[in-house]
Amino acid sequence: MANDLSELLKQSDETVAALIADGADPQEKFQIEHHLVSADFTKLEKAAVELVKVGYHVDDADEFELDDGSRLFAFVAVSEVKLEAEVLQAQTKEVTKIADIAGVDYDGWGTYFGEDDEEE
């Protein structure tokens, strides 16, 4: 299993640019959620352990049943950083490497911005 690092880095840069264009303050810290998924819970657990070792907070895995009856497991690895492209590129590289070693899919990162962010 190999995640497409170049595509993930492009997605990261585009997300940072879009958030800033929409008015996000680049000096403010945001909760960043890196999304990982696998059909193999053991592999996903291995990735979670490694991400905790390098400083991420890892939420409990959720289980999803797909239309075909197969099951996937997913979790988010959370950090809190400023919206700096270089920092988020470094995190994307780090999470991608761990995901590749563990044999799980890394689906990029996201954050909360706007009205929902105000309620937290």
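Thresholds applied
Residues numbered from 1 in each chain as written. Predicted model: local features only at pLDDT ≥ 70, side-chain atom pairs only at ≥ 80, totals over all residues. Heavy atoms only, no water. UniProt positions renumbered as here; feature names shortened; annotations may be inferred. Helix = DSSP H or I, 4+ residues; strand = E, 2+ residues; numbered from the N terminus. Axes fitted to C-alpha atoms, helices over the stretch in contact; angles between N-to-C directions. Left-handed = near helix turned anticlockwise from the far one by under 90°. Contact = heavy atoms within 4.5 Å. Nonpolar A, V, L, I, M, F, W, Y, C, P; charged D, E, K, R; others polar. Parallel < 35°, antiparallel > 145°, perpendicular 65-115°, else oblique. Core = buried A, V, L, I, M, F, W, Y, C linked by side-chain atoms within 4.5 Å. Buried < 20%, exposed > 50% of the residue type's maximum accessible area, 1.4 Å probe, protein only.

Looking up the protein in an unreviewed UniProt entry gives the name Ribonuclease E inhibitor RraB, with the organism given as Pseudidiomarina andamanensis.

Mapped onto this structure's residue numbering, the UniProt feature "domain: Regulator of ribonuclease activity B" (unreviewed entry) falls at residues 11–111. In residues 11–111, the share of helix is 42% and the share of strand is 34%. The end C-alpha atoms are 13 Å apart.

With that out of the way, let us pick up the packing of helix α2 (residues 41–53) against helix α3 (residues 85–102). Closest axis-to-axis distance for the α2/α3 pair is 9 Å, and the angle between their directions is 145 degrees. As for the relative orientation of α2 and α3, their crossing is right-handed in sense. Facing Lys43, Lys46, Ala47, Glu50 and Leu51 of α2, the residues of α3 in contact are Val95, Ile98, Ile101 and Ala102. Grouping the amino acids of the contact of α2 with α3 by side-chain chemistry returns six nonpolar, no polar and three charged.

Let us now look at the side chain of serine 12. Here serine 12 lies in helix α1 (residues 5–21). Residues contacting serine 12, with those up to four places away along its chain left out, are Leu88, Gln89, Thr92 and Trp109.

Take the packing of α1 against α3 next. Two elements in contact, α1 and α3, have axes whose closest approach is 10 Å; the angle formed by their N-to-C orientations is 150 degrees. Taken together, α1 and α3 sit at an angle that is classed as roughly antiparallel. Where α1 crosses over α3, the two elements pack in a sense that is right-handed. On α3, the residues touching Leu5, Leu8, Leu9, Ser12, Asp13 and Val16 of α1 are Ala85, Leu88, Gln89, Thr92, Lys93 and Thr96. Class assignment of the residues belonging to the contact of α1 with α3 gives a composition of six nonpolar, four polar and two charged.

On to the nonpolar core. Formed by 26 residues in total, the largest nonpolar core has its most connected members in Leu36, Leu51 and Phe75. At the level of secondary structure, the elements contributing two or more residues to this core comprise α1, β1 (29–38), α2, β4 (71–82), α3 and β5 (105–110). By residue number, the principal contributor to this core is α3, which donates five residues. Ignoring sequence-local partners within four residues, the contact set of leucine 36 consists of Leu44, Ala47, Leu51, Phe73, Ala74, Phe75, Ala77, Val95, Ala99, Val104, Asp105 and Tyr106.

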